[in-house]
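Each chain, letter by letter, is given below.
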Amino acid sequence: NDIAQLPQSLIYLKLDGCIKLTNEAIDRLPPHLLDLSLSQCHHLTNDMISYLSRSLKILDLSHCIQLTNMDHLPEHLQSLSVAKCENLTDEAIAKLPKDLKILDLSECKKLTDAFIASLPPSLEFLNLSGCENLTNQALTQLPKDLKVLNISGCYKITPDAIKKLPKTIRLE
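All figures in this text were calculated on a predicted structure; none of them were measured in a lab.

Mapped onto the fold, Thr-112 is located in the loop between strand 5 (102-104) and strand 6 (125-127). Of the residues examined, Thr-112 reaches a relative accessible area of 30% and is grouped as partly exposed. Distance from Thr-112 to Gln-137, taken between C-alpha atoms, is 9.8 Å for residues 25 residues apart in sequence. Engagement of the side chain of Thr-112 in a polar contact is seen with the side chain of Asp-90, the distance being 2.3 Å.

What follows is the structure in structure tokens.
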């Protein structure tokens, strides 16, 4: 019931589906968390991000439908899922941490080709499945270190564009 009673040494916490979890409660989480999952916490908003532990490396905010902004994420974050965060826009994605290696944007329906050029160059895994507005243009601006890409359900991307992807990128 009271998040403040969690052990301060805790490094992994999964609070998926805690629909009554508030932004302020995030501020009372243990300070040294490395891995935090808040999937389907529908009451969380952009303000919650400023309360996140700065030590986080892995963050799952999938299905947090009120999120519209990614400002002030922990700077050393390496893995982020915002799958099915249907209100995220290109501008929100442009502010991701520079060390990010894994990014799941699946089913983020408002995203267009415009955000691709601003993805962190360190990105190695990118899930764009179900991002219906992406076109062939998106594939021309992918980060140079990208190793794995999922574009299933991106129906505006043609087979010809996929064939032109660098051989170093594995499609999932």
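A separate point is the sheet that holds strand 8 (residues 170-171). The sheet built from 8 strands is open, its strands ordered 1-2-3-4-5-6-7-8 with parallel pairing. At either margin of the open sheet sits one strand with a lone partner, and together these are strand 1 (12-14) and strand 8.

Taken as a whole, this structure holds 8 salt bridges when the rule is applied. Between Lys-95 and Asp-71 there is a salt bridge; the shortest N-O distance is 3.4 Å. Here Lys-95, found in the loop between helix 2 (90-93) and strand 5, pairs with Asp-71, found in the loop between strand 3 (58-60) and strand 4 (79-81); they are 24 residues apart in sequence, far enough to count as distant. Assessed through its relative accessible area of 42%, Lys-95 is described here as partly exposed. The class of Asp-71 is partly exposed, set by a relative accessible area of 25%. For Lys-109, the salt bridge identified is with Glu-132, shortest N-O distance 3.1 Å. Taken together, the positions of Lys-109 in the loop between strand 5 and strand 6 and Glu-132 in the loop between strand 6 and strand 7 (148-150) put the pair 23 residues apart, joining distant regions of the chain. Taken together, the shared-partner salt bridges connect Glu-107, Lys-109 and Glu-132 into one network.

How each quantity is defined
Residues numbered from 1 in each chain as written. Predicted model: local features only at pLDDT ≥ 70, side-chain atom pairs only at ≥ 80, totals over all residues. Heavy atoms only, no water. Helix = DSSP H or I, 4+ residues; strand = E, 2+ residues; numbered from the N terminus. Buried < 20%, exposed > 50% of the residue type's maximum accessible area, 1.4 Å probe, protein only. Polar contact = N/O pair within 3.5 Å; in protein donor to acceptor, adjacent residues only side chain to side chain. Pairing = 2+ DSSP bridges. Salt bridge = Lys/Arg side-chain N within 4 Å of Asp/Glu carboxyl O.

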